[in-house]
Amino acid sequence: MKKVIEVFNRSISKSIKFLKKDKMAMMSVIIYLFFLIIVIIAPIIAPYNPHEIIKENGKYLFNQPPSFKHLFGTTNMGRDIFSQLVYGAGPSMLVGFVASFFVVVVGTLIGLFAGYYTGKLGEFLMRLTDLAFGIPFTPFIIVLISFLGPSIKNIIFSISLLLWRDTARIIRAQTLTIRERSFVEAARVSGASDMRIIFIHIMPNILPLSLLYGSLAMGWAILAESSVSFLGLGDPNSMSWGYILNDSFISQAMSRGAFYWIIPPGICIMLLVMAIFFVGRASEEILFPKLKQQ
Amino acid sequence: MALLEVKDLRIYYETSKGMNQAVDGISFSVDEGKSICLVGESGCGKSTTVNGIIQVMPKNAKIISGEIIFNGEDLLKISNKRLKEIQWRDMSLIPQAAMDSLNPVYKVIDPFIEILRIKGGMSKKIAVRRIDELFKMVGLDIKRAQYYPFEFSGGMKQRAVIALALVLNPKLVIADEPVTALDVIIQKQILVELGRIRKQFGLALVMITHDISVAKTFDDIVIMYAGKIFEKGSSYNVLKTPIHPYTMGLENAFPSLDDDKKTLISIEGTPPHLVNPPKGCRFADRCPFSKDICFKEEPILVEVETGHFSACHFISDIKEIRRKAMEVETWLNMKS
Amino acid sequence: MSGKWTYIRKRLFQMIIILWIIATILFFMFRLMPGNPLVAYIEPTFDKEQQDILMKQFGLDKPLYYQYIVYIGNLFRCNMGVSFFYGDTVLNILKRNLPNTLYLTIFSLIAAYIFGIFFGILLAWKRGTKFEKAGNIGTIITRSAPQFWVAMVLLVVFSFKLKLFPSSGTSNAGVIYANELQKLTSPDFWKHLFLPGLTLFIYLQGLPTLLMRSNMFDVMGEAYVEMAKMRGLSKWRIMFKYAARNAILPIATSLALGIGTSMEGNVIIENVFSWPGLGKTLVDAVVNKDYPLAQGAFFLIAVIMLFMNLIADILYSVLDPRVSV
């Protein structure tokens with residue numbers, strides 16, 4: 001456990017030094033934190049309840065273009081889009097965080113064991129990963145969520161059920177290489193138990209890779225959630241960005257040219273996912289400083 | 001006139017930590033049909049020098065100053081087009097990493113045909129005949145040419161790249177540690193073969209090695225260290241009567257197939273970093289004979305006897321130094 | 001070389017096993033989830049005669065293990081029941097919609113990979129320049145923007161505002177193609193294919209671009225590329241015959257990943273554009289609780305994806321002479 005914290009601290013201090021140099025990574029972190037803050041202060045800065053149908057002077061405010069009172073206009077049912085955007089950050093990030101956490105834990109464990117044990121267990125885990133790759137991702141989560149019911153919990157569950165596969169595969173490959181290194185050999189010869197070797201010796205070396213894939217998984221999870229919500233299979237209680245776009249789609253916002261409704265939610269998703277990918281890519285530079293300076 | 005004349009060549013690498021002064025004032029020359037051996041430890045600048053000569057270097061390598069006169073032309077000043085004409089036709093290179101020097105997705109015969117067609121103006125039929133000759137020369141079966149590189153053994157690959165270097169009958173061949181990766185018996189075989197081919201075709205050969213015992217068969221030797229030349233002269237003189245402590249240290253450090261009575265003594269320590277090279281002689285910290293002046297002033301390369309140069313402050317005491325250098329204690333005492 | 005055939009045989013076998021497991025998962029999922037196992041194939045709206053036929057065909061009155069064997073047997077014979085919503089057999093519906101998905105996927109994949117490979121080479125060539133940096137950011141944008149949103153934006157601009165392209169379907173209202181050949185040779189079809197294809201293309205090209213660029217970097221530092229330079233060969237020859245030819249090998253493996261990704265994309269894109277392919281069929285079936293059709297569509301998507309992966313693997317073994325055993 002101490003080793004994990006050590007590696008973690010080292011990564012953090014290296015990251016901070018790196019961020020100061022790479023502008024894109026710095027901006028990405030800022031965007032990321034920006035959305036995080038939005039999630040927290042959403043109730044404060046949102047002028048309306050995202051589900052609230054707004055009436056003014058007895059008239060329902062359907063399809064209003066952006067104005068001072070409604071920064072991004074209103075939907076065709078009279079809901080304030082700005083408030084929806086602000087509240088939409090929450091579900092997206094929640095799904096992203098939780099799903100990527102599962103992906104990292106499950107994917108890493110499976111990858112470690114599949115890579116370390118080359119016998120029946122290793123074979124089995126590898127076949128399991130192959131199977132996970134053989135199942136089409138989006139169709140699967142669509143079918144599963146429609147069965148389980150549209151709640152955030154089910155969305156996270158369905159996504160996590162397959163998303164660990166990339167992590168597992170890469171961690172397994174890495175473990176196979178590290179397994180052959182002399183310090184592992186030394187540990188084995190000195191009588192260390194398998195568990196000890198895996199968690200004390202091998203794991204700290206693959207942890208950076210896990211975290212990298214964890215951050216990628218977060219991006220993929222957010223995209224997956226938005227796709228599912230867009231298709232109308234998402235959680236209607238939480239107004240995620242995908243759901244806002246679903247709303248706009250079925251109410252023909254495109255034919256009305258309601259840019260104010262269509263563009264912002266997509267931009268939000270795109271920025272957040274981009275920021276996550278950039279940070280992920282930047283961390284790859286930090287964690288695997290190759291001789292790229294040629 | 002010499003076939004190749006390198007004059008005061010300086011090649012530095014741009015790194016994040018500063019300028020790495022890898023080659024810092026190297027001069028030597030090779031006459032037609034002669035052979036010269038560049039000897040030195042890893043990192044002394046031998047590869048950088050020859051990469052500079054053939055003009056294929058990594059992006060961050062910069063030629064700061066100097067001249068490389070080949071056949072009367074300064075390679076550093078000619079046009080790219082002219083350079084491409086010279087490359088491989090008049091001057092070629094046998095690479096260090098024969099393992100990876102052939103395009104893995106093409107058969108071994110392919111680069112031969114490619115260059116014979118493009119630069120030799122031959123048709124495929126004639127090219128194949130020439131390749132057959134070359135293969136016989138290096139001891140390879142022509143049928144093997146239809147195989148892929150990964151199907152060749154290390155020794156076979158080495159022979160193939162030697163053949164490839166000779167394909168257009170160049171005047172000068174540079175061999176960058178061509179036998180280092182092979183076992184000792186094959187090493188000798190290939191060196192003998194190289195010597196035979198050289199004599200047969202009147203090639204000039206520049207060979208790089210870190211093993212001084214290999215240099216015996218060469219006409220001249222250049223001893224390099226940390227980007228500088230420490231000693232240079234005919235191989236007979238340099239090996240029989242070395243006039244630099246480093247050369248003496250090198251001789252002690254390598255086994256040779258012929259002389260088994262020798263005790264191996266290694267030189268303690270490692271070469272200096274060349275980003276901020278030390279003042280004075282770059283070998284001072286590892287040299288058992290260094291004194292104060294060695295750490296302050298850099299010794300200049302002087303001609304001690306005809307054609308035999310050395311860069312050491314204590315050339316006048318060289319006989320005494322040579323005697324002491326043959327004793328194990330001199331080198332072991334450096335540990336402290 | 002016999003080595004290649006053993007490899008192909010092994011992969012084929014693997015594919016069949018995975019499909020069998022998927023079929024099994026579907027079997028249990030569609031029976032256990034809704035609660036009533038009969039619901040997987042029979043709907044109250046079916047008349048008695050039809051219900052009896054299905055009962056017999058799928059052994060719905062027999063024990064579960066028997067049903068399973070019958071199910072697998074039926075699957076082999078492509079009998080997947082009758083769609084609740086359309087009344088037609090699942091097989092017929094899928095047969096009708098499969099080609100549309102294939103056209104969309106293959107068209108976009110080929111375009112994306114050809115573009116990606118060349119763009120990747122270009123980015124590698126222009127390493128360190130502003131062009132490369134912009135290219136990298138652009139590529140990441142295309143991977144970060146949700147596909148359905150890109151589709152919507154394209155639709156608003158090119159279909160609704162500029163009226164250049166139609167907004168849905170494979171043909172204009174009322175037009176039905178007599179057969180696949182007529183469809184493919186009709187310019188109207190291609191007009192309809194353009195926007196969905198473009199959307200999928202935008203999403204897919206990122207992977208081969210970044211991968212090719214990264215591979216080129218690795219390869220350009222290799223000894224055989226250096227050696228080619230020393231032989232004084234032309235820059236073009238070195239870039240293509242030595243660098244790109246080797247850098248492209250991992251692209252073939254990534255093709256599998258690209259295929260998987262494109263099948264994902266299909267589901268979303270087909271729904272945005274009402275493109276009558278497997279993806280739309282699946283989502284509609286799921287929404288309508290049309291279980292036989294949903295099962296069938298899902299399974300067929302898996303089959304196509306795995307099959308295309310197999311092709312990609314074979315392609316790789318052909319390109320790289322080192323792969324045999």
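The structure displayed is predicted, hence computed values, not measured ones.

Parameters at a glance
- Residues numbered from 1 in each chain as written.
- Chains lettered and ligands numbered in written order.
- Predicted model: local features only at pLDDT ≥ 70, side-chain atom pairs only at ≥ 80, totals over all residues.
- Heavy atoms only, no water.
- Phe/Tyr/Trp six-rings, centres within 6.5 Å; stacked < 30°, edge-to-face > 60°.
- Helix = DSSP H or I, 4+ residues; strand = E, 2+ residues; numbered from the N terminus.
- Buried < 20%, exposed > 50% of the residue type's maximum accessible area, 1.4 Å probe, protein only.
- Lys NZ or Arg CZ within 6 Å of the ring centre and 35° of its normal.
- Contact = heavy atoms within 4.5 Å.
- Buried area = accessible area lost by both parts, 1.4 Å probe.
- Salt bridge = Lys/Arg side-chain N within 4 Å of Asp/Glu carboxyl O.
- Polar contact = N/O pair within 3.5 Å; in protein donor to acceptor, adjacent residues only side chain to side chain.
- Nonpolar A, V, L, I, M, F, W, Y, C, P; charged D, E, K, R; others polar.
- Pairing = 2+ DSSP bridges.
- Axes fitted to C-alpha atoms, helices over the stretch in contact; angles between N-to-C directions.
- Expected span 1.5 Å × (residues − 1).
- Bend = angle between axes of the 7 residues up to and from the residue.
- pLDDT = per-residue confidence, 0-100.
- Patch = residues over 30% accessible without salt bridge, like charges linked within 9 Å, V, L, I, M, F, W, Y side chains within 5 Å.
- Areas by Shrake-Rupley, 256 points an atom, 1.4 Å probe, with all protein chains shown as cover.
- Lys, Arg positive; Asp, Glu negative; His and termini not counted.
- Charge placed at Lys NZ, Arg CZ, Asp CG, Glu CD.

Student: Would you explain the packing of aromatic side chains in this entry?
Tutor: Any aromatic ring pair is given by two values, namely how distant the centres are and how the planes are angled relative to each other. Per the counting criterion, the structure on display carries 33 aromatic pairs over all chains. Between Phe35 of chain A and Trp241 of chain A the ring centres are 5.5 Å apart and the planes differ by 65 degrees, which places this aromatic pair in the edge-to-face class. Note that Phe35 of chain A is positioned in helix H2 (residues 23-45) and Trp241 of chain A in helix H9 (residues 241-250), a separation of 206 residues in sequence. Of the residues examined, Phe35 of chain A reaches a relative accessible area of 4% and is grouped as buried. Members of the aromatic cluster, connected to one another through ring pairs, are Tyr103, Phe107, Phe189, Trp190 and Trp275 of chain C. For Arg169 of chain A, the ring lying beneath its charged end belongs to Phe133 of chain A, and the centroid distance is 3.8 Å.

Student: Explain unusual backbone geometry here, please?
Tutor: A negative phi angle characterises most non-glycine residues, just as the trans form characterises most peptide bonds. Residues and elements named next belong to chain C. In this model, Cys78 sits at a positive phi of 65 degrees, which is unusual for a non-glycine residue. When you line up the elements, Cys78 lands in the loop between helix H3 (64-76) and helix H4 (90-125). At Lys289, a position not held by glycine, the phi torsion is positive, near 55 degrees. Among the secondary structure elements, Lys289 is positioned in the loop between helix H13 (278-287) and helix H14 (291-319). What makes Lys289 partly exposed here is its relative accessible area of 45%.

Student: Honestly, the interface of chain C and chain A in this entry has me stumped. Any pointers?
Tutor: Many structure descriptions define interface size as the accessible area lost when the parts assemble. Every contact between the two is made by 41 residues of chain C and, on the other side, 44 residues of chain A. On the chain C side of the interface with chain A, the three residues burying the most area are Phe148, Trp149 and Met152 of chain C, jointly 16% of the side's total. Taken together, chain C and chain A are joined by zero salt bridges. In this assembly, chain C and chain A are joined by two residue pairs in polar contact (both at pLDDT 80 or more). Residue assignment for the side of chain C that touches chain A shows that the elements contributing at least two residues are helix H1 (2-32), helix H5 (130-144), helix H6 (147-161), helix H12 (249-272), H13 and H14 of chain C. A per-element tally of the side of chain C that touches chain A places H6 of chain C first, with eight residues. Tallied by class, residues from the side of chain C that touches chain A come to 33 nonpolar, three polar and five charged.

Student: Whenever I open this one, the pattern of salt bridges confuses me. Can you help?
Tutor: Side chains bearing opposite charge may pair, as long as their charged atoms lie close to each other. Taken as a whole, this structure holds 28 salt bridges over all chains when the rule is applied. The salt bridge involving Arg169 of chain A is made with Asp130 of chain A; its shortest N-O contact spans 2.9 Å. Placement of the pair is Arg169 of chain A in helix H6 (residues 152-179) and Asp130 of chain A in helix H4 (residues 120-134), with a sequence separation of 39 residues. Using a relative accessible area of 40% as the deciding quantity, one classes Arg169 of chain A as partly exposed. Of the charged contacts, one joins Lys241 of chain C and Asp110 of chain B as a salt bridge, the two residues approaching to 2.8 Å between their closest N and O atoms. One end of the pair, Lys241 of chain C, is in helix H11 (residues 235-247); the other, Asp110 of chain B, is in helix H3 (residues 109-118), on a second chain. With relative accessibility at 14%, the residue Lys241 of chain C sits in the buried group. Within this structure, Asp8, Arg10, Asp24, Lys228, Arg282 and Glu298 of chain B form a network of salt bridges that share partners.

Student: It is not clear to me how the sheet that holds strand S3 (residues 35-39) of chain B should be interpreted in this structure. Could you clarify?
Tutor: Either a parallel or an antiparallel arrangement is found when strands of a sheet pair, and the pairing is made through backbone hydrogen bonds. Residue and element names in this part refer to chain B. Spatial ordering of the open sheet is given by S6-S7-S8-S3-S9-S10-S12-S11, a layout of eight strands whose pairing is mixed. Of all the strands in the sheet, the pair left with one neighbour each is strand S6 (91-94) and strand S11 (302-305). Recorded for the sheet is a direction-independent mean angle of 20 degrees between the axes of neighbouring strands. Where S11 and strand S12 (residues 308-310) come together, three bridges link them in antiparallel fashion. Across the sheet, the residue bridging to Glu303 is Phe309, located in S12. Lying over the sheet, helix H1 (residues 46-54) contacts S3, S6, strand S7 (172-176), strand S8 (204-209) and strand S9 (220-225), oriented at roughly 145 degrees with respect to S6. Where helix H5 (residues 154-166) meets the sheet, its contacts fall on S6 and S7, and the angle it forms with S6 comes to roughly 175 degrees.

Student: What is the right way to look at the environment of Ile110 of chain A in this model?
Tutor: Relative to the assigned elements, Ile110 of chain A resides in helix H3 (residues 81-116). C-alpha of Ile110 of chain A to C-alpha of Ala168 of chain A: the two residues are 58 residues apart in sequence and 5.7 Å apart in space.

Student: Quick question: what am I supposed to make of helix H8 (residues 187-204) of chain C here?
Tutor: One full turn of an α-helix is made of 3.6 residues, so residues set three or four places apart face in the same direction. Residues and elements named next belong to chain C. With 18 residues, H8 should reach 26 Å at 1.5 Å per residue; the first-to-last C-alpha distance of 24 Å fits that figure. By the largest-angle criterion, Phe194 marks the main kink of H8, which is about 35 degrees, and a proline, Pro196, follows within four residues. Residues Phe189, His192, Leu193, Leu195, Pro196, Gly197, Thr199, Leu200, Phe201, Tyr203 and Leu204 constitute the buried set of H8.

Student: Sorry, what's going on with the pairing of S3 of chain B here?
Tutor: Side-chain positions along a regular strand alternate between the two faces of the sheet. Residues and elements named next belong to chain B. Extensive coverage of S3 is indicated by the burial of five of its five residues. By the alternation rule, side chains of S3 split into Ser35, Cys37 and Val39 and Ile36 and Leu38, which are all buried. Sheet topology places S3 next to S8; five bridges connect them, and they run parallel. Across the sheet, Leu38 pairs through a bridge with Ile208, a residue of S8. Where S3 and S9 come together, four bridges link them in parallel fashion. Each residue of the ladder has a partner; that of Val39, found in S9, is Ile223.

Student: Where do I start with the confidence of the model for chain A in this structure?
Tutor: For residues with low pLDDT, the predicted coordinates do not support detailed interpretation. On average, residues of chain A score 83 in pLDDT, and 94% of them reach the 70 mark or higher. Every residue in residues 289-294 of chain A scores below 50 in pLDDT, and together they form four contacts with partners more than four places removed in sequence or on other chains.

Student: Just checking my understanding: could you explain the side chain of Ser215 of chain A for this structure?
Tutor: Along the chain, the position of Ser215 of chain A falls in helix H8 (residues 194-230). Ignoring any residue separated from it by four or fewer positions in sequence, one finds Ser215 of chain A in contact with Ile276 and Gly280 of chain A.

Student: Would you mind going over a nonpolar patch on the surface with me for this structure?
Tutor: Residues and elements named next belong to chain C. Together, Ile106, Ile110, Ile114, Phe118, Trp125, Trp236 and Phe240 make up a nonpolar patch on the protein surface, roughly 720 Å² of accessible area in all. Here the nonpolar patch gets five residues from one element, more than from any other, and that element is H4. Within the secondary structure, Ile114 is located in helix H4.

Student: I would appreciate a short explanation of the sheet that holds strand S5 (residues 73-74) of chain B in the present structure.
Tutor: Residue and element names in this part refer to chain B. Read across the sheet, four strands follow the order S2-S1-S4-S5 without closing on themselves; strand pairing throughout is antiparallel. Both outer strands of the open sheet, strand S2 (18-30) and S5, are each paired with one neighbouring strand and no more. Sheet topology note: the strand S4 (residues 61-70)/S5 ladder contains two bridges and is antiparallel. When the sheet's bridge partners are listed, Ile69 is paired in S5 with Asp74.

Student: Honestly, a positive patch on the surface in this entry has me stumped. Any pointers?
Tutor: On the surface, Lys59 of chain B together with Arg127, Lys229 and Lys235 of chain C cluster together to form a positively charged patch. Structurally, Lys229 of chain C is set in helix H10 (residues 223-230). A relative accessible area of 34% places Lys229 of chain C in the partly exposed class.

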